[in-house]
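# Coordinates in review
In case you want the letters, here they are:
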Amino acid sequence: MAETVFKYEGSTPEQVLAELAAKCGLLLTEVGFYQYLDSQDELAHFRDQFSFPKLTTSPGVECDDAENENCVYFCGNSLGLQPKSTKEHVQKVLENWEINNISCHVMGHLPGITCDNYVRDGMANLVGSSQEEVVVMNGLSVNLHLLMVSFYQPTKKRHKILLEEHAFPSDHYIVMSQIQQRGFDPEDSMLFVKARPDEELIHIDDILDLIEKEGDSIALIMLPGVQYFTGQVFNMEEITAAGHRKGCYVGFDLAHAVGNIELYLNKWEVDFACWCTYKYLNSGPGCLGGAFVHKKFAKTKMPKFLGWWSHKESTRFEMSNDLDFSCGVESYRISNPPPPLLVACILASEIFDQTSVRQLREKSFLLTGYLECLLKHYFSDISDSTTATVEILTPANFSDRGCQLSLRFSCSLKEVAEKMTKKGMIFDIRQPNVMRVAPVPLYCSFHDVYRFVNALREALST
Ligand SMILES: Cc1ncc(COP(=O)(O)O)c(C=O)c1O
């Protein structure tokens, strides 16, 4: 969990890539350069652990490519790829149930009663906490609600929740309904931090100023770690410190941050955080969410929703109805955990145990940087009115972004997207003209980036 100096500290991806290309006597745009980068990639072997979508079977693809069998998958920011081991392990869990019936709760492949404990170490490493501070349960939105039962305690004077103006819809609705449920009016109690006029990114200073100005009326600050639309990283440490100085609780939605950027929730003193595991953690569609509550609250009595799983494991089955709380975040578990889903989370986190988010970030520096350089090279010439231009909305500064780039096109994306999809490029579109692309360092290659940019060049020129 030590924070050491980042390998490329003080340089931009553009500088490092230009130096590497010069060393090889190659241009950034040459085939030989992506081949060189892939040959130097110490994490390249992870790609084999994932099932890639095939050109022959992926929906919407119409392309005969003698050289490539796989699609280019840049949608890991929405749904991670399936680890090849998932099927076999889910099957084993199902067999445990089939063969051992009621006893599968206590024996066999991933016994039901304790199955969620096996994922806690791995999750703790990913978010920078101790394992006592994390659990895996429910879905992300449900977990946000459950934790806000504790961390949103509005009073007449302090009733606001600070969130971003363009929060992910679920987060917006969660905040709105929590406020209503406590008898307050969202019109008065939702406090939005906004981007400046004609800008997409939110200035950290604007967040800190708003906290300073309005802090006495803010009960809770609820922001993302990485913004889903722009890919902007929020400085969680500074925001947390600023919130605490004003007496606010501070929680983060880490859906786009976990497995993407380095996190140190315990050290940053974040009060609570929630995330999903189906994006960068590859656990499967709609799979379970993770939750963190800082250990400083381990013994604090807070209002919360309860169920039998909130009771201490050692005496839970005495069924006394005499609640003996589990400690800290464990007490937020309400229901018994589902082994077929937990096994997918465990496998996903085990893949991360074979590397580290730091190593992935080092690759990401080059991989997303390579995409950025090629996009700038081919699509940034605004003086050429015959070609569409691509503006990168995501921050240019590496520490202010994860692996995703959000691209705004000067033309409509409908036709471009259709052509790209036919060529086996998988990405997503936010209407009318923003494309989000995430070269995930765990399984994407420099060749993928090269193919993607080539497909984009063809789509924009025909
Ligand atoms: C930022 C953010 N918040 C909340 C959600 C909702 O997640 P869930 O449907 O797992 O509750 C998502 C899903 O993509 C998300 O990206």
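Criteria and thresholds
- The written sequence of each chain sets the order in which its residues are numbered from 1.
- Predicted model: local features are reported for residues with pLDDT of at least 70 only, side-chain atom pairs are reported and counted for 80 or more only, and whole-chain, interface and lining totals are derived from all residues.
- Derived side-chain values reflect all non-hydrogen atoms in the structure, with water molecules and hydrogen atoms excluded from consideration.
- Each reported salt bridge corresponds to a side-chain nitrogen of Lys or Arg within 4 Å of a carboxyl oxygen of Asp or Glu.
- Strands are runs of DSSP state E lasting at least 2 residues, helices are runs of H or I lasting at least 4, and numbering of each runs from the N terminus.
- Think of it in three bands: residues with accessible area under 20% of the maximum for their type are buried, residues over 50% are exposed, and the middle band is partly exposed, with areas taken using a 1.4 Å probe on protein chains only.
- UniProt positions are given in the numbering used here, feature names are shortened, and annotations may be inferred rather than shown by experiment.
- Any pair of residues with heavy atoms lying within 4.5 Å of one another is described as a contacting pair.
- In this analysis, strands are considered paired if DSSP registers two or more bridges between them.
- Axis angles are defined between N-to-C directions and span 0 to 180 degrees, where every axis is a line fitted to C-alpha atoms and, for a helix, only to the segment in contact.

## Re the pattern of salt bridges
- Scanning all chains against the criterion turns up 24 salt bridges.
- Between lysine 246 and glutamate 212 there is a salt bridge whose closest N-O contact spans 3.8 Å. With lysine 246 in the loop between α9 (236–245) and β8 (249–253) and glutamate 212 in helix α8 (residues 204–214), this residue pair connects regions lying 34 residues apart in the sequence.
- Residue classification places lysine 246 among the buried residues on the basis of a relative accessible area of 17%.
- For aspartate 271, the salt bridge is made with lysine 296, and the minimal N-O distance between the two is 3.1 Å. Of this pair, aspartate 271 sits in the loop between α10 (265–268) and β9 (272–276) while lysine 296 sits in the loop between β10 (289–293) and α11 (339–353), and the two are 25 residues apart along the sequence.
- Residue classification places aspartate 271 among the buried residues on the basis of a relative accessible area of 2%.

## Topic: the UniProt feature "modified residue: N6-(pyridoxal phosphate)lysine" (unreviewed entry) in the chain
- Here, UniProt's "modified residue: N6-(pyridoxal phosphate)lysine" (unreviewed entry) annotation points to Lys279.
- For lysine 279, the position within the fold is in the loop between β9 and β10.
- With a relative accessible area of 10%, lysine 279 lands in the buried category.
- Those residues in contact with lysine 279 that lie beyond four places of it in its chain are Gly76, Asn77, Ser78, Leu79, Gly80, Ala255 and His256.

## Points about the sheet that holds strand β4 (residues 134–137)
- The mixed open sheet is built from 7 strands, whose spatial order is β4-β10-β9-β8-β7-β5-β6. Unpaired on one side and paired on the other, β4 and β6 (190–193) mark the two borders of the sheet. Pairs of neighbouring strands in the sheet enclose a mean axial angle of 20°, with direction left out of account.
- Bridge count between β8 and β9: 3 bridges; the pairing is parallel. Among the inter-strand pairings, glycine 251 is bridged to a residue of β9, identified as phenylalanine 272.
- The strands touched by helix α6 (residues 169–181) are β5 (160–164), β6, β7 (218–224) and β8; relative to β6, the strand with the most contacts, the crossing angle is about 150°.

## Some words on the side chain of threonine 240
- The topology assignment puts threonine 240 in helix α9.
- When its relative accessible area of 1% is taken as the criterion, threonine 240 is described as buried.
- Contacts of threonine 240, omitting those with residues within four sequence positions, involve Val250, Phe252, Trp268, Glu269 and Val270.

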